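Observations on the model geometry
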Amino acid sequence: TKLFEYMALGLPIISTKVSQPYELLTALLKEVPGSVFFYDQSIKEIIDEINTNDFDRDKVVDFFNENHTWDMRAKDYLISITNTLNSLKWSIRAF
């Protein structure tokens, strides 16, 4: 999505507070304050805040690289698959 492109470039992000994007952006905001803005204020206020806010763009890129690259996604999937297979082994042994 565009969110990942903005993160990869270290750009500020403006978004709504809706499900998965909200969860993802909340994590980024905790890591890099001032990098994410939600539509709970006017666009003019958000733009003014972006123009006066100095956040660490490199930290945003680092957050993306540590959490949202294809390599990181693949690792997450492999961990999940391994955990599921291990739990199935234990379930089969119980019989």
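Placed above this text is the structure.
Description of the structure in this document. (Residues numbered from 1 in each chain as written. Predicted model: local features only at pLDDT ≥ 70, side-chain atom pairs only at ≥ 80, totals over all residues. Heavy atoms only, no water.)

**Focus: the overall build of the protein**
Along its length, the protein carries five helices and two strands. When the helices and strands of the protein are listed from N to C terminus, the series reads α-β-α-β-α-α-α. Summarising its shape, the C-alpha atoms of the protein cover approximately 65 × 25 × 20 Å along the three principal directions. Scored against the burial criterion, the 95 residues of the protein give a buried share of 22%. Looking at the protein alone, contacts between residues at least 24 apart form 45% of all its contacts between residues at least 6 apart. Accessible area for the protein stands at about 7100 Å²; split by element, carbon and sulfur atoms hold 58% of it. Charge-centre separation for the protein: the mean point of 10 positive side chains lies 9 Å from the mean point of 14 negative side chains. (Helix = DSSP H or I, 4+ residues; strand = E, 2+ residues; numbered from the N terminus. Buried < 20%, exposed > 50% of the residue type's maximum accessible area, 1.4 Å probe, protein only. Contact = heavy atoms within 4.5 Å. Areas by Shrake-Rupley, 256 points an atom, 1.4 Å probe, with all protein chains shown as cover. Lys, Arg positive; Asp, Glu negative; His and termini not counted. Charge placed at Lys NZ, Arg CZ, Asp CG, Glu CD.)

**Some details on the packing of helix α1 (residues 2-9) against helix α2 (residues 19-31)**
If you want to describe how two helices pack, look at the angle between their axes and the distance between the axes. Remark: α1 packs on α2, axes separated minimally by 11 Å, with the N-to-C direction vectors making an angle of 15°. Classed by the angle they form, the pair α1 and α2 counts as roughly parallel. The crossing of α1 and α2 is left-handed. Where α1 abuts α2, its residues Leu3, Phe4 and Met7 lie against Pro21, Leu24, Leu25 and Leu28. Broken down by class, the residue content of the contact of α1 with α2 amounts to seven nonpolar, no polar and no charged. (Axes fitted to C-alpha atoms, helices over the stretch in contact; angles between N-to-C directions. Parallel < 35°, antiparallel > 145°, perpendicular 65-115°, else oblique. Left-handed = near helix turned anticlockwise from the far one by under 90°. Nonpolar A, V, L, I, M, F, W, Y, C, P; charged D, E, K, R; others polar.)

**So, the pattern of salt bridges**
A complete count under the given rule lists three salt bridges for this structure. One salt bridge in this structure joins Glu5 and Lys2, with 3.8 Å as the shortest N-O distance. Of this pair, Glu5 and Lys2 both sit in helix α1, three residues apart, roughly one helical turn. Look at Glu5 and you get partly exposed, because its relative accessible area is 43%. The closest approach of N and O atoms between Lys44 and Asp48, which form a salt bridge, is 2.8 Å. With Lys44 and Asp48 both in helix α3 (residues 43-52) and four residues apart, the pair spans about one turn of that helix. (Salt bridge = Lys/Arg side-chain N within 4 Å of Asp/Glu carboxyl O.)

**A closer look at a negative patch on the surface**
A surface patch of like charges, here negative, comprises Glu31, Asp54, Asp56, Asp58, Asp62 and Glu66. Of the residues forming the negative patch, the biggest block, three residues, is contributed by helix α4 (residues 57-67). For Asp54, a relative accessible area of 73% translates into the label exposed. (Patch = residues over 30% accessible without salt bridge, like charges linked within 9 Å, V, L, I, M, F, W, Y side chains within 5 Å.)

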